[in-house]
Amino acid sequence: SPPVDTGNWSVRQHEGGESVELVTRDEAGAFGAICSQGNCVLFIEPANGCDPGSVYPVMANSASVVAMVESACQLVTESRRPGGAIRTLATMAPSEALIMSIASGERIALAFPQTEGDVDVVSVETHGLRQALRDAGGLAPAALDSQGAKSRSSRPTTRPAAVY
């Protein structure tokens, strides 16, 4: 379905309604989440792409967090039908620090290394992501609940979900 803009976040239901994608962009790329049944996988879609199958360290920085998060580049098709658009997404391993920063609505800068040695920095506002997830049918994982954001002792339940 076509994307629906909710503030900084664009929300799109995937084919079959089994998952929803939330994304926000800047000039260096996009940051987003693909969620299904309360589980989400975070991703970066670098404007300069990535090498499918490669693993990249991503440095996440916000007002309260500095964390290294592993990401894996993969080709993702837009549609289950042949001929759909193909994208390269770097899906990120679950990170409690990153989830807490998102739950607090902080601006996050994600430094993504390029093959040539350069670094692209995707800098986005996460404010509004929790509400966008709720508006998309209550798909917000427990890790993004307001109580989860306040309690650092709670472990997030975010796990990678099927991408498409």
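S.K.: When you look at a nonpolar patch on the surface in this model, what are you seeing that I'm missing?
M.R.: The grouping of Met59, Val66 and Met68 at the surface amounts to a nonpolar patch, some 320 Å² of accessible area in total. By the element assignment, Met59 lies in strand β6 (residues 55–61). Judged by its relative accessible area of 39%, Met59 falls in the partly exposed class.

S.K.: Help me understand the nonpolar core in this model?
M.R.: The tendency in soluble globular proteins is for nonpolar side chains to be buried side by side. Core analysis: the largest hydrophobic core is formed by 32 residues, its most contacted members being Leu22, Phe31, Leu42, Ile44, Met92, Leu98 and Leu110. Of all hydrophobic cores here, the second largest spans 7 residues; its members include Ala30, Ile34, Phe43 and Leu89.

S.K.: Just checking my understanding: could you explain the pattern of salt bridges for this structure?
M.R.: Should their charged atoms come close, side chains of opposite charge can pair. This model, assessed by the stated rule, comprises 5 salt bridges. For Glu45, the salt bridge identified is with Arg25, shortest N-O distance 3.7 Å. Linking Glu45 in strand β5 (residues 39–46) with Arg25 in strand β3 (residues 20–26), this pair joins segments that are 20 residues apart in sequence. For Glu45, a relative accessible area of 14% translates into the label buried. Look at Arg25 and you get exposed, because its relative accessible area is 54%. Its salt-bridge partner being Glu45, residue Arg87 comes within 2.8 Å of it at the nearest N-O pair. You can see Arg87 sitting in strand β8 (residues 86–92) and its partner Glu45 sitting in strand β5, a full 42 residues away along the chain. Taken together, the salt bridges that share partners define one network made up of Arg12, Glu21, Arg25, Glu45 and Arg87.

S.K.: It is not clear to me how helix α1 (residues 96–103) should be interpreted in this structure. Could you clarify?
M.R.: Turn by turn, an α-helix covers 3.6 residues, leaving residues three or four places apart pointing in a common direction. In terms of burial, α1 is a largely internal element, 6 of the 8 residues being buried. Considered for burial, the residues of α1 that qualify are Leu98, Ile99, Met100, Ser101, Ile102 and Ala103. Gly105, located one to two residues past α1, shows a positive phi value of around 75°.

Conventions and cut-offs
- Residues numbered from 1 in each chain as written.
- Predicted model: local features only at pLDDT ≥ 70, side-chain atom pairs only at ≥ 80, totals over all residues.
- Heavy atoms only, no water.
- Patch = residues over 30% accessible without salt bridge, like charges linked within 9 Å, V, L, I, M, F, W, Y side chains within 5 Å.
- Areas by Shrake-Rupley, 256 points an atom, 1.4 Å probe, with all protein chains shown as cover.
- Salt bridge = Lys/Arg side-chain N within 4 Å of Asp/Glu carboxyl O.
- Helix = DSSP H or I, 4+ residues; strand = E, 2+ residues; numbered from the N terminus.
- Buried < 20%, exposed > 50% of the residue type's maximum accessible area, 1.4 Å probe, protein only.
- Core = buried A, V, L, I, M, F, W, Y, C linked by side-chain atoms within 4.5 Å.

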